Structure formats: structure tokens, C-alpha cells
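An overview of the molecular structure
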Amino acid sequence: MFKTAKENLPALFRLIAENQELYLPVNTAGQVNFAAWTEDAEVALDVLKTVKSPKDAFFPQSENLYKCTKDGKSISIEPEALKDQNFVVFGMKACDLRGVEVLDRVFLSDPVDTFYKARRDHGTIVAMACHEPSESCFCKAFGVDCAEPAGDVSVWLTEDSLYWNPVTEKGQALTDAVSSLLENTDDCAVEAEKASIRNIVDKLPYSGLSLEGWNGDVLMEKFDSPLWEELYKPCLACGTCTFVCPTCQCYDIKDYDTGHGVQRYRCWDSCMYSDFTMMAHGNNRTSQMQRFRQRFMHKLVYFPANNDGMYSCVGCGRCVDKCPSSLNIVKVIKSFQKQEGEKA
């Protein structure tokens, strides 16, 4: 276990960024999101949750795939270069780290997504414990311990110090690179911090959220429930929930005429949009109810059915904070609990 004084953080960031890119929470125009560190960046490590999750360090909101150019009758295709520079994502929380594990299940399964894999291979995650979780957090319900995030390096930020613990080979390499700013220490302060965090978590309103009745074995039971017809009605189909979510992985692939050829790129998309599943013959989800149901069935039934019981919700609470209709996964789970309780 190591530590460094909080006042040393700018020097720590500078040292990391000497040889690789560094991404961390940055306040820009009042909104905190992960962005590249610069000397004049307003770093906001004290912010509990960024607006968007940091998943786009590995799965960017938009990325080029290849470009095509035509010269007479000759057509050339130039694939976009894969990520080949090391980088560090500093300050990722335990829920967002679990989100990356979900994405790994999707993009590193056959056929492997080479763009995603290149970023995972070159990225080092410094995961930070949540000093003071908020009322919208419910990570504990999904088995996430926000007091002890297991990234390549685990860190805890207290009032005056940053405590640092390397976990993987990547983490040890980063630790060696910044060792001049670290000093050995015992873990007494960290253990006290963990206890304090867990004490807060236990008192949060959604920490006791029960997932009983949700798993990969209840597909038709949940799919055919008439409750969806009532739940979806306040949904505006704005897609906010999908864009702030750490695990949503839907994307579209589009072509752009540059005037000198065609650039193919992919960008995040949302299962909540009416044209997301549009195909030549039409759309296989013809109503907003069907699209609404798809989102939550995927999180709570389809994904665990195909991934050894792992849910694709991590309890970060961003959808609780951001949905303009207060219609989120907690409300869905509680509504089904209430219905099943009435049946009993």
C-alpha cells in the first residue's frame, strides 16, 4: 500500500501523462465527464458520478472504421489504425469498472471486436472508491463493492491523501512509473475509509433492492407480463438512459461522403429509438412498449441468461438521476415485485 499527499495530484497527473495519454473526470462548462488531461484542465476527482460513464475510453461514442477512395475505376479501402498508444483512465468507479467487464463479455467474445480489444490492451484503469455514495446508487444490489474497486490500481481519496494499491501487472508498471511520488504506508486509513463507505451504502434507499424473480430462467414469464403496457407510458423515447449507461453497447454503422471518398464510422445508438431495428422489410419492434421492454429484459433477463448470471445493470444510478420521466430500472424492478406480491 502506498500514499501521496492530495496536493501532489497535479504532479502525479503530469508524471503519468509524460509517456502516455491520461483521461480523468474534467469539469467543462459545468458538466463533469472523462476527458484528456491537460495542464489547465479543471480536474474533478471529488465528483461521485460523471454525466456519462467512462466507457467511451474503450468504446467511443463515435469512431472511424475505414475510408474508401476512388481513382478512376480503382477503389481503395484504408482501414482505420487500431489504438497503439498506452493510456490511463484515472478515477473510474467500481460500478463503471463492472460496466467494462460487461462490455468485455460482448466485444471480446468471438468474433472479437479488434477496435475495442486494442484499447483494452493499451489501457490501464486506476479505479477509485466512492467516498460518499449518493441516494440514487444501488450498486450493492448487483454485487458491486464501491468501497473496494479492483482495477489495475485501486485508489482511495481522503481529505488529505490519495492511497494507492497496485492490483495487476499493468498496475504495477504504472506504480513503478510514479514511484517517486509515492511512499509506503499501512492500510489502517484505507480500512477505516472502506468501513465508512459501506456504512453509507447500507443506509441508501435502494441498497436493499431485491433481484428475486429476475434471471435467465424467467424469459417468457416476464416477457408476456401485462405490466409493460402500464410501465412504458411515461417513456419519452429520448434515449438518455442508454447514453449515460455504463453497459449499453448498441451502435449503428454509417457512411459519410467526404467529397473525396466515403468514410465509414460507427456511433452509439439506442434500442429506445424507433429506427434502431429498421431493416429492409420494416421494423421488428413496432411500438414503444416493445422497445421499452427490450431495454429492461436485456439488462435483467437476456444478458444473464447468456453470461453466467451476470446482469448488465451495475447500479450506478445514472438513469435514476437523468430520466426526465423518473422511469428507470429501479422503478421497473419494484413494480414487478409489487405485482408478484399482490399475486401471492
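To keep things clear, this report deals only with the structure shown in the data block. Given the structure is predicted, the values throughout are model-derived calculations rather than measurements. (Residues numbered from 1 in each chain as written. Predicted model: local features only at pLDDT ≥ 70, side-chain atom pairs only at ≥ 80, totals over all residues. Heavy atoms only, no water.)

**Brief notes about the pairing of strand S7 (residues 123-128)**
What counts is decided by this rule: Throughout this description, buried means an accessible area under 20% of the type-specific maximum (1.4 Å probe, protein chains only), exposed means over 50%, and partly exposed covers the range between. The helix and strand labels rest on DSSP assignments: H or I over at least four residues marks a helix, E over at least two residues marks a strand, and numbering proceeds from the N terminus. Only when DSSP finds a minimum of two bridges between them are two strands counted as paired.
Taken across its six residues, S7 has six buried, putting it largely inside the fold. In S7, alternate side chains face the same way, and those of Gly 123, Ile 125 and Ala 127 on one face and Thr 124, Val 126 and Met 128 on the other are all buried. Here S7 pairs with strand S8 (residues 153-157) via three bridges, running parallel. Across the sheet, Val 126 pairs through a bridge with Val 153, a residue of S8.

**Details of the pattern of salt bridges**
The condition that has to hold: Salt bridges are defined as contacts in which a side-chain nitrogen from Lys or Arg sits within 4 Å of a carboxyl oxygen from Asp or Glu.
Taken as a whole and assessed by the stated rule, the structure comprises 23 salt bridges. The residue Asp 145 makes a salt bridge to Arg 198 at a minimum N-O spacing of 2.6 Å. In this pair, Asp 145 is assigned in the loop between S7 and S8 and Arg 198 in helix H5 (residues 188-203), connecting sequence segments 53 residues apart. Judged by its relative accessible area of 30%, Asp 145 falls in the partly exposed class. With relative accessibility at 32%, the residue Arg 198 sits in the partly exposed group. Residue Lys 233 pairs with Glu 230 through a salt bridge whose shortest N-O separation is 3.5 Å. Residue class for Lys 233 comes out exposed when judged on its relative accessible area of 51%.

**Some thoughts on the state of the cysteines**
For clarity, the cut-off: Sulfur atoms of two cysteines make up a disulfide when they are within 2.5 Å.
Evaluation of the coordinates by the stated rule reveals zero disulfides. This cysteine, Cys 271, is not joined by any disulfide, and Cys 250 carries the nearest cysteine sulfur, 5.0 Å off. The thiol sulfur of Cys 313 is not disulfide-bonded, and the nearest other cysteine sulfur, from Cys 319, lies at 6.3 Å.

**Here we look at the packing of aromatic side chains**
Definition in use: Only rings of Phe, Tyr and Trp enter the pairing, Trp through its six-membered ring, and a pair is recorded when the two centres are within 6.5 Å. The plane angle decides the type: under 30 degrees is stacked, over 60 is edge-to-face, the rest tilted.
Counted under the stated rule, the structure contains 17 aromatic pairs. When the ring of Phe 13 is compared with that of Phe 90, the centres are 5.4 Å apart and the planes differ by 80°; the resulting orientation is edge-to-face. Taken together, the residues span a long stretch of sequence, with Phe 13 in helix H1 (residues 9-17) and Phe 90 in strand S6 (residues 87-92) at a distance of 77 residues. We classify Phe 13 as buried; its relative accessible area is 4%.

**Digging into the sheet that holds S6**
Pairing between the strands of a sheet comes from backbone hydrogen bonds, and it takes one of two forms, parallel or antiparallel. Let me state the cut-off plainly: The contact rule is simple, with two residues in contact once any of their heavy atoms fall within 4.5 Å. Angles here are taken between N-to-C directions and fall from 0 to 180 degrees, while the axes themselves are lines fitted to C-alpha atoms, restricted in helices to the stretch in contact.
Spatially, S3-S2-S6-S7-S8-S9-S1-S10 is the arrangement adopted by the eight strands of the open sheet, whose pairing is mixed. Of all strands in the sheet, those with a lone pairing partner are strand S3 (31-36) and strand S10 (183-184), marking the two edges. Across the face of the sheet, helix H4 (residues 169-177) comes into contact with strand S1 (2-5), S6, S7, S8 and strand S9 (161-166) while running at roughly 130° to S9.

**Comments concerning the nonpolar core**
Keep this limit in mind: To qualify as a nonpolar core, a set must consist of buried Ala, Val, Leu, Ile, Met, Phe, Trp, Tyr and Cys residues joined through side-chain atoms within 4.5 Å.
One finds Trp 214, Trp 228, Phe 292 and Ile 329 to be the most contacted residues of the largest nonpolar core, which totals 32 residues. Breaking this core down by element, the ones donating at least two residues are helix H7 (227-231), helix H9 (288-306), helix H10 (318-322) and helix H11 (329-343). At seven residues, H9 tops the list of elements feeding residues into this core. Contact partners of Phe 292, with chain neighbours within four places excluded, come to Trp 228, Leu 231, Tyr 232, Cys 235, Met 272, Leu 327 and Val 332.

**Points about the sheet that holds strand S11 (residues 251-257)**
Pairing in this open sheet of four strands is antiparallel, and the strands run S5-S4-S12-S11 from one edge to the other. Edge positions in the sheet fall to strand S5 (74-79) and S11, since each of these pairs with one other strand and no more. Going from strand to strand, the sheet's axes swing by 20° on average, the running direction of each strand aside. Inspection of the sheet shows S11 paired to strand S12 (residues 262-268) by seven bridges, in the antiparallel sense. Across the sheet, residue Lys 254 finds its bridge partner in S12, namely Tyr 265.

**As for helix H3 (residues 114-122)**
An α-helical turn contains 3.6 residues, so a residue and the one three or four places further along point in the same direction. Put simply, the test is: N or O atoms closer than or at 3.5 Å make up a polar contact, with two conditions inside protein: a donor-capable atom paired with an acceptor-capable one, and, for residues adjacent in sequence, both atoms drawn from side chains.
By the burial criterion, the buried members of H3 are Phe 115, Tyr 116, Ala 118, Arg 119 and Arg 120. Buried positions along H3 lie against strand S4 (62-71), S6, helix H2 (94-107), S7, H4 and S12. Capping the start of H3 is the job of one residue whose side-chain oxygen sits 3.1 Å from the backbone nitrogen of Phe 115: Asp 113.

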